[in-house]
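What follows is each chain in one-letter form.
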Amino acid sequence: VVAGDHDNLPEALALVLKLQGELHVARLHAEDNAGAVAEVQRQQLEGNAGRVAELERDIERLELSALASTHTKGEMESLECEVAEGQDKLAQAHKDVAKAHD
């Protein structure tokens, strides 16, 4: 629109209204996307918490199995390796949970 050119005023006004409508729609989409992202993060946190609990149970089971068993030395070493691996997975799961909270 050229200054002083009033013939283009209705056209310019229509363009402004159109752009305002598009901006409004874009804002609605952004709000929807933010809600979707929050829901995905919530689900990830729940999944990570479940994974941590599962790993803790596995470690406890392995520790009890190692304590209560009459396995040979080789079998005990294998169980200890499983416990160590479970603890590593648990530590990683705790890191994942902490990262998801950030």
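Basis of the calculations
- Residues numbered from 1 in each chain as written.
- Predicted model: local features only at pLDDT ≥ 70, side-chain atom pairs only at ≥ 80, totals over all residues.
- Heavy atoms only, no water.
- Core = buried A, V, L, I, M, F, W, Y, C linked by side-chain atoms within 4.5 Å.
- Buried < 20%, exposed > 50% of the residue type's maximum accessible area, 1.4 Å probe, protein only.
- Helix = DSSP H or I, 4+ residues; strand = E, 2+ residues; numbered from the N terminus.
- Salt bridge = Lys/Arg side-chain N within 4 Å of Asp/Glu carboxyl O.
- Expected span 1.5 Å × (residues − 1).
- Contact = heavy atoms within 4.5 Å.

Participant: Looking at this model, I keep getting lost on the nonpolar core. Mind explaining?
Facilitator: Inside soluble globular proteins, nonpolar side chains tend to come together where they are buried. Residues Val52, Leu55, Ile59, Leu62, Ala66, Leu79, Val83, Leu90, Ala93 and Val97 constitute the largest nonpolar core, which totals 10 residues. Secondary structure elements with two or more residues in this core: α1 (9-68) and α2 (73-101).

Participant: Explain the pattern of salt bridges here, please?
Facilitator: Where side chains of opposite charge bring their charged atoms close, a pairing between them can arise. Per the counting criterion, the structure on display carries 4 salt bridges. The closest approach of N and O atoms between arginine 42 and glutamate 39, which form a salt bridge, is 2.4 Å. Of the two residues, arginine 42 and glutamate 39 are both situated in helix α1; the distance of 3 residues between them amounts to about one turn of the helix. Note on arginine 42: relative accessible area 37%, which makes it partly exposed. Ionic pairing is found between glutamate 46 and arginine 42, a salt bridge with its closest N-O pair at 2.4 Å. Taken as a pair, glutamate 46 and arginine 42 lie in helix α1 at a separation of 4 residues, close to a single helical turn. On the basis of relative accessibility, which here comes to 49%, the residue glutamate 46 falls in the partly exposed class. In this structure, a network of salt bridges that share partners links the residues Glu39, Arg42 and Glu46.

Participant: Looking at this structure, how should I read the environment of glutamate 56?
Facilitator: If you trace the backbone, glutamate 56 turns up in helix α1. Spatially, the C-alpha atoms of glutamate 56 and leucine 90 are 6.9 Å apart, while their sequence positions differ by 34 residues.

Participant: I'm lost on α1 in this one. Help?
Facilitator: Residues three or four positions apart in an α-helix share a direction because the helix packs 3.6 residues into each turn. Taking 1.5 Å as the rise per residue, α1 with 60 residues should run 88 Å; its terminal C-alpha atoms sit 88 Å apart, in good agreement. Taken as a whole, α1 has its buried residues at Ala12, Asn48, Val52, Leu55, Ile59, Leu62 and Ala66.

Participant: Help me out: how do you make sense of the side chain of asparagine 48 in this one?
Facilitator: Summarising the element assignment, asparagine 48 is placed in helix α1. Not counting residues up to four positions away in its chain, the partners in contact with asparagine 48 are Asp96, Val97 and Ala100.

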